Amino acid sequence: MLTSYPRLRAILLRVAQAVPVVVGVVVISFLLTRALPGDPAVYFAGVAADEASIEETRVAMGLDKPLPVQFVRYVGDLLQGDLGQSLSSGRPVATDLASRLPASLELTLTALILAVVIAVPLGVLAATRPGTWVDHLCRVVVTAGVSLPTFFTGILLIYIFYYLLGIAPSPLGRLDFIYLSPDHVTGFYLIDAALMGDWETWRGAAKQLVLPAATLALFTLAPIARMTRAAMLTALSSDFIRTARAAGLSRRAVLYRYALRNALLPVVTTLGMVFSFALGANVLVEKVFAWPGIGSYAVEALVVSDYAAVQGFVLAMALLFVLLNLVVDLLYTAIDPRIGFDAK
Amino acid sequence: MTDQTSRRNFLKMGAAGASMLPFLRVMPAAAQGNDTLVVVTGATINSLDLHRTGTSRASYQVGINCYDRLLTFGTKEVPGNGLSYDYSVVEPELAESWSVSDDGMTLTFKLKPNATFWDGRKVTAADVKWSFDRAVSVGGFPTVQMKAGGLERPEQFIAEDDATFVIKLDRPSKLTIPDLAVPVPYIINSVEALEHATDDDPWALEYLHTTPAGSGAYKVARWNPGEQLVYERNDDWVGGPLPAAQRVIIREVPSPATRRALVERGDVQVAFNIPDKDAAELAETLDVFSTPVENCIHCLCPNFAFEPFQDPDVRKAIAYAVPYEDIFQAAAFGRGLPLWGGSEEITDTAWPRKTQYYTDLDKAKEHMAKSGYAEGFDVPLSISLDLASWMEPTALLVQEALGKIGINVTIEKIPGANWRTAVLVEKRLPLHLENFGGWLNTPDYYFFWAYKDGHLFNSSNYRNEEIEALVDATLHMPMDDPEYAPQIKRMFEIALDELPRIPLYQPALNVATNGAEGYEFWFHRQLDARVLKAV
């Protein structure tokens with residue numbers, strides 16, 4: 001039956017190919033967390049713990065067992081969908097991820113959309129008018145974007161728009177405290193608030209999102225703009241564009257139907273990459289804006305050797321990237337029909 | 001939001017403009033203006049139950065604000081620094097009165113007759129017993145802390161009748177009463193907890209972890225770990241004067257720069273535990289309280305397991321080489337108290353005290369020349385990356401100064417997760433920085449943890465037979481005993497002469513307020529929300 005749906009078959013095949021990757025990630029993340037410096041039992045036994053209470057903690061955490069036993073137990077729990085209990089947050093890792101991953105994704109996706117909306121037109125304009133002020137502007141924005149670290153941009157934006165001008169809301173995370181968070185459906189506050197029809201909260205969440213998303217967008221638009229410009233320049237100087245122009249196609253058709261569409265492939269690739277490192281760069285933005293995201297969660301878990309949380313984070317990220325790669329590949333085939341799954 | 005409309009003003013404007021806000025729909029009392037206080041802190045509250053393994057320090061505040069103890073401490077003024085708890089005055093919280101038997105072995109507490117839990121049930125001695133049993137049975141930190149006051153086994157706790165609770169001690173100790181006023185022995189609604197206890201979890205650790213069941217001044221209205229905790233006042237509280245704020249919101253903001261911007265703008269009323277640098281700079285514009293932390297010392301510790309440090313002249317050379325003033329300014333921005341340049345003669349039992357040492361390179365060189373290591377040696381100086389804000393500048397200054405007397409120091413930075421194991425458990429760091437502070441404010445208690453052989457905070461592997469005997473003798477002795485002061489003075493004398501720990505300065509806990517008053521410092525270094533008031 002699947003043969004009659006080649007695309008579905010291809011997707012399933014890709015998903016099946018991801019299984020060994022995920023298994024590898026499970027093993028490696030388990031081993032790497034155990035290789036972390038520090039003894040979580042000592043850390044979690046508390047400030048004034050003596051050796052007996054450290055030992056009690058170790059037993060309670062299951063860390064007294066040999067590594068293979070711990071691993072089998074971990075995999076067993078994992079198969080039942082149990083990611084374990086985070087010791088630093090005191091909640092199941094799955095719950096933590098469910099509340100924090102959407103926060104990070106909402107921020108990153110908003111920033112990416114913002115970046116694409118600015119960077120792609122900027123890149124196109126710069127490519128069509130090389131050497132003009134637009135091109136220079138593009139270069140300045142790109143240079144500024146990559147050279148300003150996000151925590152600096154973040155603090156600068158807070159200083160100007162919140163501290164001096166007072167037009168931005170207080171950088172207190174996803175929602176100011178006068179709002180209640182919307183009921184959890186997707187975990188994306190903008191979507192959840194819209195689903196509830198609670199536009200007051202929606203506006204509150206959107207306002208909180210502006211500064212951190214702008215910070216992250218400034219950082220991510222640089223590679224996108226650069227890549228758009230370069231790809232457009234290549235496309236515009238290629239033979240088929242010359243042919244199209246010679247055939248008398250309108251400037252608009254040449255630019256958008258032929259040049260941009262061909263230039264989009266590398267841009268989509270860059271987008272996939274930018275998305276992955278933006279999730280990493282999030283950590284600093286999250287700290288500055290008190291954003292309860294996954295980056296700061298992972299860093300804190302790492303610092304205290306909170307095994308379950310780190311493993312859960314790595315696994316969630318691995319699954320996210322498998323998904324992301326799939327989406328990027330699907331986008332390829334949508335943009336360029338010549339690329340089929342079979343070719344891969 | 002413009003300059004004129006800060007959040008406070010906004011709430012003050014009342015229901016007229018704010019009636020559309022969902023928050024007010026759910027919690028209409030917020031429209032009353034001064035009723036809500038917002039506090040920002042950098043630390044994470046990861047559990048609502050202090051007795052649980054892995055509960056972070058910041059979470060202790062739930063134990064303080066949501067639960068009651070039998071006893072609490074009084075309040076005193078700290079000159080120039082607002083209010084502080086008063087170790088010397090013990091006041092009732094859930095107990096109405098208490099008495100100590102003549103031999104000091106039996107403590108009898110009468111509970112307040114009108115004390116109720118949040119669910120309306122009367123607080124009984126059985127609840128107290130269950131809570132104390134729990135604290136001594138769950139292991140880990142709470143059990144260790146209970147032990148410090150001589151509270152070790154459930155058999156010691158007797159619920160005589162509903163209103164009478166008795167503690168039987170193995171030996172009289174001056175630490176027992178104060179230890180009942182620390183955050184650990186709080187009283188839980190045992191009936192509610194037992195409903196949720198299971199065979200695997202007889203102490204309802206899972207339930208109380210997320211759902212406090214107490215009688216305290218505040219209930220937890222909302223808790224989003226990693227984001228915020230919202231306290232809602234319990235109007236039936238009898239443990240003390242009713243708190244002024246109806247609601248206190250604790251918001252977690254990891255970046256110190258952001259916390260500072262928030263409190264400067266007045267959008268939050270309290271910034272708790274701010275860095276020394278911010279405290280020094282904000283002191284001119286806001287109310288900043290920098291209370292020296294009682295019984296806490298930032299120390300440079302030469303480890304006796306490292307051979308050159310067994311030479312007393314080497315340790316003294318270091319003590320004279322350390323640039324105390326520079327460290328105090330660079331690492332603490334002058335917040336806290338200096339602990340150098342005192343007199344050698346010990347006339348009182350105040351601790352921490354100024355040592356007889358001061359920066360004098362000539363003296364340092366003299367001692368080095370006298371020692372068996374006149375030509376110097378190499379040593380790593382270890383610091384924790386988690387505590388880098390004070391340890392890093394301190395280490396750099398120490399490195400520079402010791403270089404001048406021939407000790408070649410390399411700085412070793414240890415990740416936070418590794419630090420406790422290396423410094424306190426394995427005690428393997430030759431030269432390191434350490435910052436122990438004791439909750440119970442007596443010198444003998446400090447010495448018990450930091451100078452006795454094998455004890456956790458004795459990271460220098462120091463052992464002195466006389467100190468061992470003196471600590472054992474003084475630990476439970478009443479402070480007005482005529483034997484007490486001379487023995488304590490002798491302890492100081494030995495410790496400051498032998499220098500297993502070289503005191504650098506006494507750190508401060510910094511709190512900035514903008515629109516709130518009544519802040520009170522506590523030894524546990526967490527926020528007591530009950531005394532805060534909006535202005």
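The model shown is predicted, which means the values in this text are computed figures rather than measured ones.

## Considerations on the overall build of chain A
Within chain A, the secondary structure is distributed over 13 helices and zero strands. Put simply, chain A runs from its N terminus to its C terminus through helices and strands in the order α-α-α-α-α-α-α-α-α-α-α-α-α. By its C-alpha atoms, chain A is 85 × 60 × 40 Å across when sized along the principal axes. Here chain A holds 344 residues, and 48% of them are scored as buried. Here the contacts in chain A between residues at least 6 apart in sequence split such that 70% fall between residues at least 24 apart. Per element, the accessible surface of chain A, about 16,100 Å² overall, is 70% carbon and sulfur. Looking at charge distribution, chain A has the averaged site of its 25 positive side-chain charges lying 19 Å from that of its 23 negative ones.

## Considering the nonpolar core
Where a protein is soluble and globular, its nonpolar side chains tend to be buried together. Of all hydrophobic cores here, the largest spans 152 residues; its most connected members are Leu70, Phe132, Ile167, Leu300 and Phe447 of chain B. Two domains each donate at least three residues to this core, and these are domain 1 (34-274 + 512-534) and domain 2 (298-506) of chain B. Setting aside chain neighbours within four positions, we find Phe447 of chain B in contact with Trp351, Lys452, Ile467, Val471, Met491, Phe492 and Ala495 of chain B. By size, the runner-up hydrophobic cluster in this structure holds 94 residues, among which are Leu97, Leu105 and Ala111 of chain A together with Val230 of chain B.

## Remarks on the layout of surface pockets
Roughly 1,100 Å³ of volume is contained in the second largest pocket. For the second largest pocket, the lining is made up of 36 residues, of which Ala60, Met61, Gly62, Gln85 and Leu87 of chain A are closest to its centre. When residues of the lining of the second largest pocket are traced back to their parent elements, those giving at least two are α1 (6-35), α2 (40-45), α3 (51-60), α4 (67-79) and α13 (307-335) of chain A together with α9 (205-210) of chain B. Here the lining of the second largest pocket is built from residues that sort into 15 nonpolar, 11 polar and 10 charged.

## Comments concerning the interface of chain A and chain B
Listed per partner, the contact involves 52 residues of chain A and 56 residues of chain B. Counting each side, the surface lost to burial between chain A and chain B is near 4,600 Å², with a carbon and sulfur contribution of 59%. Taken together, the connections running from chain A to chain B amount to zero salt bridges. Here chain A and chain B share nine residue pairs in polar contact (both at pLDDT 80 or more) between them. Taken together, the elements giving at least two residues each to the side of chain A that touches chain B come down to α2, α3, α7 (150-164), α9 (199-236), α11 (251-288) and α12 (294-303) of chain A.

## Re the sheet that holds strand β14 (residues 337-338) of chain B
Taken together, six strands build an open sheet; the order of strands is β14-β18-β13-β17-β15-β16 (chain B) and the sheet is mixed. If you trace the sheet from one side to the other, it starts and ends with β14 and β16 (407-414) of chain B, each paired once.

## Here's the deal with the domain arrangement of chain A
Residues and elements named next belong to chain A. Partitioning chain A into domains gives domain 1 (17-79) and domain 2 (99-335). Put simply, the middle of domain 1 and the middle of domain 2, counted by C-alpha atoms, are 35 Å apart. Across the boundary between the two partners, domain 1 contributes 17 residues, which contact 12 residues of domain 2. Ranking the residues of domain 1 by area buried against domain 2 places Val25, Thr33 and Leu36 at the top, with a combined share of 30%. Where domain 1 touches domain 2, the interface holds zero salt bridges. Where domain 1 meets domain 2, there are two residue pairs in polar contact (both at pLDDT 80 or more).

## Considerations on the packing of aromatic side chains
Inspection of the entire model under this criterion finds 49 aromatic pairs over all chains. Measuring from centroid to centroid gives 5.7 Å for Phe73 of chain B and Phe523 of chain B, while their planes differ by 85 degrees, and the two rings are edge-to-face. One end of the pair, Phe73 of chain B, is in strand β2 (residues 71-77); the other, Phe523 of chain B, is in the loop between β21 (520-521) and β22 (533-534), and 450 residues separate them in sequence. The pair formed by Phe73 of chain B and Phe523 of chain B is uniform in burial state, with each residue classed as buried. Taken together through their ring pairs, the aromatic side chains of Phe304, Trp351, Phe436, Tyr445, Tyr446, Phe447, Phe448, Trp449, Tyr451, Phe457, Tyr462 and Phe492 of chain B make up a single cluster. Across the ring face of Tyr189 of chain A, the terminal group of Arg174 of chain A is positioned such that the distance to the ring centre comes to 3.7 Å. Positioned above the aromatic ring of Tyr162 of chain A is the side chain of Arg265 of chain B, whose terminal nitrogen or guanidinium carbon lies 5.2 Å from the ring centre.

## Concerning the sheet that holds strand β5 (residues 106-111) of chain B
Residue and element names in this part refer to chain B. The four strands are arranged β4-β5-β7-β6 in an open sheet whose pairing can be described as antiparallel. The sheet is open, and its two edges are formed by β4 (95-100) and β6 (157-161), each paired on a single side. Each neighbouring strand pair of the sheet contributes to a mean axis angle of 20 degrees, computed without reference to strand direction. Two strands pair when backbone bridges link them, and β6 and strand β7 (residues 164-168) are joined in this way by four bridges, in the antiparallel orientation. Counterpart to Phe157 in the pairing with β7 is Ile167. Across the sheet, helix α5 (residues 125-137) lies against β5, β6 and β7, angled at about 175 degrees from β6, the strand it touches most.

## Regarding the pattern of salt bridges
Residues and elements named next belong to chain B. Throughout the structure, instances matching the rule amount to 37 salt bridges over all chains. Linking Arg153 and Glu155 is a salt bridge whose minimum nitrogen-to-oxygen distance equals 3.6 Å. On the accessibility criterion, Arg153 (31% relative accessible area) is partly exposed. Residue Asp453 pairs with Arg463 through a salt bridge whose shortest N-O separation is 3.1 Å. Residue Asp453 is found in the loop between α17 (443-450) and α18 (465-474), and its partner Arg463 is found in the loop between α17 and α18; the two are separated by 10 residues along the sequence. For Asp453, a relative accessible area of 32% translates into the label partly exposed. When its relative accessible area of 44% is taken as the criterion, Arg463 is described as partly exposed. The network of salt bridges with shared partners includes Arg260, Glu264, Lys277, Asp278 and Glu281.

## Some remarks on the packing of α1 of chain A against α4 of chain A
All names here are of chain A. Contact pair α1 / α4: the axes reach a minimum separation of 11 Å and the direction vectors enclose 135 degrees. Considering the angle they form, α1 stands oblique to α4. By crossing handedness, the relation of α1 to α4 is classed as right-handed. Between α1 and α4, the contacting residues are Val26, Val27, Phe30 and Arg34 on the first element and Leu67, Gln70, Phe71, Tyr74, Val75 and Leu78 on the second. Residue classes in the contact of α1 with α4 are distributed as eight nonpolar, one polar and one charged.

## Here we look at a nonpolar patch on the surface
Residue and element names in this part refer to chain A. On the surface, Phe151, Phe152, Ile155, Leu156, Tyr159, Ile160, Phe161, Leu164, Leu165, Ile167 and Leu284 cluster together into a nonpolar patch covering about 950 Å² of accessible area. By residue number, the principal contributor to the nonpolar patch is α7, which donates eight residues. Turning to its location among the elements, Phe161 is positioned in helix α7. Among the residues examined, Phe161 registers a relative accessible area of 30% and is labelled partly exposed.

## What to know about the confidence of the model for chain B
Low pLDDT marks regions whose predicted coordinates should not be analysed in detail. Per-chain confidence: chain B averages 89 in pLDDT, with 94% of residues scoring 70 or above. Across residues 1-32 of chain B, where pLDDT falls below 50, the model places 64 contacts with residues more than four positions away in sequence or in other chains.

## Section: the domain arrangement of chain B
Residues and elements named next belong to chain B. Along its sequence, chain B is organised into domain 1 (34-274 + 512-534) and domain 2 (298-506). In this structure, domain 1 and domain 2 have C-alpha centres spaced 33 Å apart. Across the contact, 21 residues belong to domain 1 and 15 residues belong to domain 2. Buried area between domain 1 and domain 2, summed over both chains or domains, comes out near 1,400 Å², and the portion from carbon and sulfur atoms is 65%. For the pair domain 1 and domain 2, the interface holds one salt bridge. Counting across the domain 1 and domain 2 interface gives seven residue pairs in polar contact (both at pLDDT 80 or more).

## Considering the packing of α7 of chain A against α9 of chain A
Residue and element names in this part refer to chain A. Viewed as axis vectors pointing N to C, α7 and α9 meet at an angle of 140 degrees, and their least axial separation amounts to 9 Å. Comparing their axes, α9 and α7 come out oblique. For α7 against α9, the interelement crossing comes out right-handed. Across the interface between the two elements, Thr150, Thr153, Gly154, Leu157, Ile158 and Phe161 of α7 pack against Leu211, Ala214, Thr215, Leu216, Leu218 and Phe219 of α9. A breakdown of the residues in the contact of α7 with α9 according to their chemical character gives eight nonpolar, four polar and no charged.

About the criteria used
All chains use their own residue numbering, which begins from 1 and follows the written sequence. For this description, chains carry letters from A and ligands carry numbers from 1, given in the order in which they are written. Note on the predicted model: pLDDT of at least 70 is required for a residue's local features to be given, and 80 or more for side-chain atom pairs to be given and counted; whole-chain, interface and lining totals, by contrast, use all residues. As a rule here, side-chain values come from all non-hydrogen atoms in the structure, and water together with hydrogens is ignored. Only runs of H or I of at least four residues qualify as helices and only runs of E of at least two qualify as strands under DSSP, and these elements are numbered from the N terminus. Exposure classes here rest on a 1.4 Å probe applied to the protein chains alone. A residue is buried below 20% of its type maximum, exposed above 50%, and partly exposed in between. Note on definitions: a residue-residue contact is assigned when non-hydrogen atoms from the two residues lie within 4.5 Å. Methods summary: accessible areas were calculated by the Shrake-Rupley approach with a probe of 1.4 Å, and residue burial reflects only the protein chains presented. Charged-residue counts in this description rest on Lys and Arg as positive and Asp and Glu as negative, His and the chain ends being excluded. The atoms used to mark charge sites are NZ of Lys, CZ of Arg, CG of Asp and CD of Glu. To define a nonpolar core, start from buried Ala, Val, Leu, Ile, Met, Phe, Trp, Tyr and Cys residues and group those joined through side-chain atoms within 4.5 Å. Throughout the structure description, domain borders are defined by an automatic or database domain assignment. The distinction between a cavity and a pocket rests on a 1 Å grid over the protein atoms alone: a 1.4 Å probe fits inside a cavity but cannot get out, while a pocket stays open yet meets protein on both sides within 12 Å along at least five of seven lines, and a residue with an atom within 4 Å of a point counts as lining. Grid points are joined across faces, edges and corners, and a volume is the space filled by probe spheres set on the points. Gly falls in the polar group here, along with every residue not listed as nonpolar (Ala, Val, Leu, Ile, Met, Phe, Trp, Tyr, Cys, Pro) or charged (Asp, Glu, Lys, Arg). Two parts placed together each lose some accessible area under a 1.4 Å probe, and the buried area is that loss summed for both. Salt bridge, as used here, is a side-chain nitrogen of Lys or Arg placed within 4 Å of a carboxyl oxygen of Asp or Glu. By the criterion applied in these results, polar contacts are pairs of N or O atoms within 3.5 Å in which, for protein atoms, one can donate a hydrogen and the other can accept it, and in which residues neighboring in sequence qualify only through two side-chain atoms. DSSP bridges decide pairing: two strands pair if at least two such bridges lie between them. Each pair of aromatic rings taken from Phe, Tyr and Trp, with Trp reduced to its six-membered ring, is defined by centres within 6.5 Å and is described as stacked if the planes are under 30 degrees apart, edge-to-face if over 60, and tilted in the remaining cases. Sitting over a ring, as applied to charges here, requires NZ of Lys or CZ of Arg to be within 6 Å of the ring centre and within 35 degrees of the ring normal. Lines fitted to C-alpha atoms define the axes here, with helix axes fitted over just the stretch in contact, and angles between the N-to-C directions of these axes take values from 0 to 180 degrees. By the definition adopted for this analysis, an angle is roughly parallel if under 35 degrees, roughly antiparallel if over 145, roughly perpendicular if from 65 to 115, and oblique otherwise. Should the near helix be turned counterclockwise from the far one by less than a right angle, the crossing is left-handed, whereas a clockwise turn marks it as right-handed. Surface patches are defined over residues having more than 30% relative accessible area and no salt bridge, joining like charges when they lie within 9 Å and nonpolar side chains (Val, Leu, Ile, Met, Phe, Trp, Tyr) when within 5 Å. Each residue gets a pLDDT score, which is the predictor's confidence in that residue and runs from 0 to 100.

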